[in-house]
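The primary structure of each chain is shown beneath.
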Amino acid sequence: MNAAIPVEREIEHLRDEIRLHNYRYYVLDAPTIPDAEYDRLFRRLRELEAAHPELVTEDSPTRRVGDRPLPGFEEVRHSVRMLSLENVFSDTELGDFDRRVRERLGTDEPVVYTAEPKLDGLAVSLRYEQGRLVQGATRGDGERGEDVTANVRTIESVPLKLLGKRVPAVLEVRGEVFMPKAGFAKLNAAARKAGEKIFANPRNAAAGSLRQLDPRLTARRPLAFYAYGLGEVAPDFADAHAAAMKKLREIGIPVSPELRRMKGIDACLEYYANILARREQLPYEIDGVVYKVDSFDQQSLLGYVSRAPRWAVAHKFPAQEELTVVEDIEFQVGRTGAVTPVARLRPVTVAGVTVSNATLHNMDEIERKDVRIGDTVIIRRAGDVIPEVVQVVPDKRPKKAKQPRLPAHCPVCGSEVLRVEGEAVARCSGGLYCRAQRREAIKHFASRKAMDIEGLGDKLVEQLDEKGLVKTIADIYALEAEQVAALERMGEKSAQNLIEALEKSKATTLPRFLYALGIREVGEATARSLASHFRTLEAIEQADQEALQETPDVGPVVASHIASFFRQEHNLEVLERLLAAGIHWPAISKPAADAQPFADKTFVLTGSLSRPRGEVKARLESLGARVAGSVSNKTDYVVAGEAAGSKLAKAEDLGIEILDEDQLQEMIDAAD
């Protein structure tokens, strides 16, 4: 804005612009500016309001942040009752609903309905006066609810001021506050990391978040809102439900993008089947479909029964949660060595499928949920997702319920099971031998940055395993061309090429071999550090954890992984067979001091460089440098190419020396 424009006008202009962008983002799902530009507009408005507090209004976009904690929720009496819905659970029951509607309307013609997903959240009523949000309330008993205005104001998709000049003097909007799946996953992940209680499902998360006495907590929760109906409003606002929802959308209130208007019950059933098929792909949880007679005149004729309308019904999906009993808890080993507890359940039908097993994820989850053998539990199955135990029913716990214990040794190969302090996942340490990890171990061993065995791809590894031709990594070097040629899609030429690639891979380097072994958290850089520090495989095998930690970048956790790997007899047996097969590498001599001019220096590369980053990294490491992936106080130089971003900004903040490519090359030339 021009500096000559009065600050009042600039503030109002910014508010209108931000409201418009909120509308495009939350209602139209069609943003027209990048997030960074939106953030700049928002920051500018906040700065102006901070400088001119007398110009702050309650409907400003900056006023979404939570206010101070409330002592309790005030009661709100709804001017128009908030109704519940009757449920149907089959096509036949829905047909009966449609028949009753037509009978009461006195027609044989198909009825026009609207249909939309039934969101799994918390029903609320939003009251706007002269286009401004003045109250938010929960449904409560339908007559009275709780005043949650301060919390509703923190929800980004709820407009504080409606768009346009011609808005109703009074408008009550009924809708659902819900938590999108992505936000729910992120919220629970953060809670797990912090050791806090996690929510069982998005509905509980949404309800718990909206009913926080401290609005500042609500403001940090990823809540959203879709309107699905009206309360108090002028009669001429709209003559039908679909038209009313269209008007709400036009003035800035989000409605479900899945809302459809259709004629007859067959069209409703088609809609139901379509939504059910897409249920798992939707970004929010739903538990059915809601059908409403579209015409408001017909709704009035149909009326109500008890607290439910005769003109609407919820067609529920098959239940995704059921009760059953944990009969045992066993431990499975995954392809990466993760040891996962699995609940063996008394079989129960969930969402149309008989379920007898459910994942318990890890020991932290077992301890947090306090799951024991003999417990009655709620299990959940959503689409193709593996069933999981949601929670225990404490009142049904038998006196002899047994707590599970993490096995000390792998149930597949007998190697040690390790659980690093602070980590949730326990793992088998027999990576070279354990048959549960065999395929992934071979795929990693053969990968380009490891032994680089051309032709030994994923499909071939799976065939070799299925046919019993490999039991451990070492067996690949005992393969014969005739065995390989007999496999699917493998001819004599392909088989011979593989045998030649295997032979070629035997000439390698110690860093590549160490990386190929798949020791947990030993990547390329750590493998190079180990090789450079110890110079022989034997020295690494014999080193204890204390000695291993003398290697640059090897801390206590990585040292424990390395020591445990070389402590397993099965792993050592496979190593002996690999070396006996002819794998070798040149000896590593101790580098002269003048050959490592960048020793003890840490570089970070950022932005687009004129040469491949891997090439630059390798050159720096050959001169003794450490090339890190992030900037910290320990960074000595940041090499910045074109379009360098946050790493460059952080380096500038920390006062770290920044080099362009020419300056870096000058340093390298001087070192040579």
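For the structure, see preceding data.
Residues numbered from 1 in each chain as written. Predicted model: local features only at pLDDT ≥ 70, side-chain atom pairs only at ≥ 80, totals over all residues. Heavy atoms only, no water.

A. Fine view of the side chain of Gln299. Assignment of secondary structure puts Gln299 in helix H10 (residues 296-302). Not counting residues within four places of it along the chain, the set of residues in contact with Gln299 comprises His241, Val293, Asp294 and Trp311. (Helix = DSSP H or I, 4+ residues; strand = E, 2+ residues; numbered from the N terminus. Contact = heavy atoms within 4.5 Å.)

B. Here's a closer look at the packing of aromatic side chains. For the coordinates displayed, the defined rule picks out eleven aromatic pairs. A centroid spacing of 5.5 Å and a plane angle of 35° characterise the contact between Phe598 and Phe603, whose relative ring orientation is tilted. Here Phe598 matches Phe603 in class, with each residue buried. Of the aromatic side chains, those joined through ring pairs into one cluster are Phe178, Tyr226 and Tyr284. One Lys or Arg, Lys247, reaches over the ring of Phe237 and ends 5.2 Å from the middle of that ring. (Phe/Tyr/Trp six-rings, centres within 6.5 Å; stacked < 30°, edge-to-face > 60°. Buried < 20%, exposed > 50% of the residue type's maximum accessible area, 1.4 Å probe, protein only. Lys NZ or Arg CZ within 6 Å of the ring centre and 35° of its normal.)

C. Spatial organisation of the sheet that holds strand E7 (residues 170-178). Strands sit in the order E5-E4-E7-E8 across an open sheet of four strands; the sheet is antiparallel. Unpaired on one side and paired on the other, strand E5 (132-138) and strand E8 (224-233) mark the two borders of the sheet. Across this sheet, the average inter-strand angle for adjacent strands is 30°, counted without regard to direction. Note: strand E4 (residues 122-129) against E7, eight bridges, orientation antiparallel. Across the sheet, the residue bridging to Glu129 is Val170, located in E7. (Pairing = 2+ DSSP bridges. Axes fitted to C-alpha atoms, helices over the stretch in contact; angles between N-to-C directions.)

D. How the structure looks around the environment of Pro597. Positionally, Pro597 belongs in the loop between helix H21 (569-580) and strand E21 (602-606). On the accessibility criterion, Pro597 (36% relative accessible area) is partly exposed. Through-space distance from the C-alpha of Pro597 to that of Leu418 is 39 Å; in sequence the pair is 179 residues apart. Setting aside chain neighbours within four positions, we find Pro597 in contact with Leu623 and Ala671.

E. Structural context of the pattern of salt bridges. All told, the structure shown has 44 salt bridges when counted by the stated rule. Glu365 is the salt-bridge partner of Lys369, the closest N and O atoms lying 3.5 Å from each other. Residue Lys369 and its partner Glu365 are both found in helix H11 (residues 363-369); the two are separated by four residues, about one turn of the helix. Judged by relative accessible area, Lys369 falls into the buried class, the value being 14%. Where salt bridges share partners, they join Glu12, Arg15, Asp16, Arg19, Glu49, Asp59 and Arg132 into one cluster. (Salt bridge = Lys/Arg side-chain N within 4 Å of Asp/Glu carboxyl O.)

F. Inspection of the sheet that holds strand E3 (residues 112-119) at higher detail. Taken in spatial order, the five strands of this open sheet run E2-E13-E10-E3-E9, and their pairing is mixed. The open sheet has two edge strands with one neighbour each: strand E2 (87-88) and strand E9 (260-263). Lying on the sheet, helix H3 (residues 91-105) is in contact with E2, E3, strand E10 (286-293) and strand E13 (312-316); it crosses E13 at an angle near 170°.

G. Up close: a negative patch on the surface. Together, Asp660, Asp662, Glu666 and Asp669 make up a negatively charged patch on the protein surface. Looking at the secondary structure, you find Asp669 in helix H24 (residues 661-671). (Patch = residues over 30% accessible without salt bridge, like charges linked within 9 Å, V, L, I, M, F, W, Y side chains within 5 Å. Areas by Shrake-Rupley, 256 points an atom, 1.4 Å probe, with all protein chains shown as cover. Lys, Arg positive; Asp, Glu negative; His and termini not counted. Charge placed at Lys NZ, Arg CZ, Asp CG, Glu CD.)

H. Highlighting the nonpolar core. Formed by 53 residues in total, the largest nonpolar core has its most connected members in Phe445 and Ile453. Per-element tally for this core: the top contributor is helix H20 (residues 556-567), with six residues. Look past the residues within four positions of Phe445 in its chain and what remains in contact with it is Ala450, Met451, Asp452, Ile453, Ile473, Ile476, Tyr477, Phe513, Ala516, Leu578 and Ile583. In terms of nonpolar packing, the next biggest core, distinct from the first, is built from 33 residues, Val173, Met179, Ala206 and Val255 among them. (Core = buried A, V, L, I, M, F, W, Y, C linked by side-chain atoms within 4.5 Å.)

I. A look at the side chain of Asp375. By the element assignment, Asp375 lies in the loop between H11 and strand E17 (376-380). Reaching out from Asp375, the side chain makes a polar contact with the backbone nitrogen of Arg372 at a distance of 2.8 Å. A polar contact is formed between the side chain of Asp375 and the side chain of Arg397, at a distance of 2.8 Å. Other than its neighbours up to four places away in sequence, Asp375 contacts Thr324, Val325, Val326, Asp370, Val392, Arg397, Pro398 and Ala401. (Polar contact = N/O pair within 3.5 Å; in protein donor to acceptor, adjacent residues only side chain to side chain.)

J. Spatial organisation of the environment of Ala219. Here Ala219 lies in helix H7 (residues 215-219). Using a relative accessible area of 33% as the deciding quantity, one classes Ala219 as partly exposed.

K. Representation of the packing of helix H12 (residues 438-446) against helix H13 (residues 458-466) within the structure. At a minimum axis separation of 10 Å, H12 and H13 run at an interaxial angle of 140°. Overall, the two elements H12 and H13 adopt an arrangement that is oblique. As for the relative orientation of H12 and H13, their crossing is right-handed in sense. On H13, the residues that touch Arg438, Arg439, Ile442 and Lys443 of H12 are Asp458, Val461, Glu462, Asp465 and Glu466. Here the residues of the contact of H12 with H13 are counted per class, giving two nonpolar, no polar and seven charged. (Parallel < 35°, antiparallel > 145°, perpendicular 65-115°, else oblique. Left-handed = near helix turned anticlockwise from the far one by under 90°. Nonpolar A, V, L, I, M, F, W, Y, C, P; charged D, E, K, R; others polar.)

Geometric values such as these leave the question of function open.
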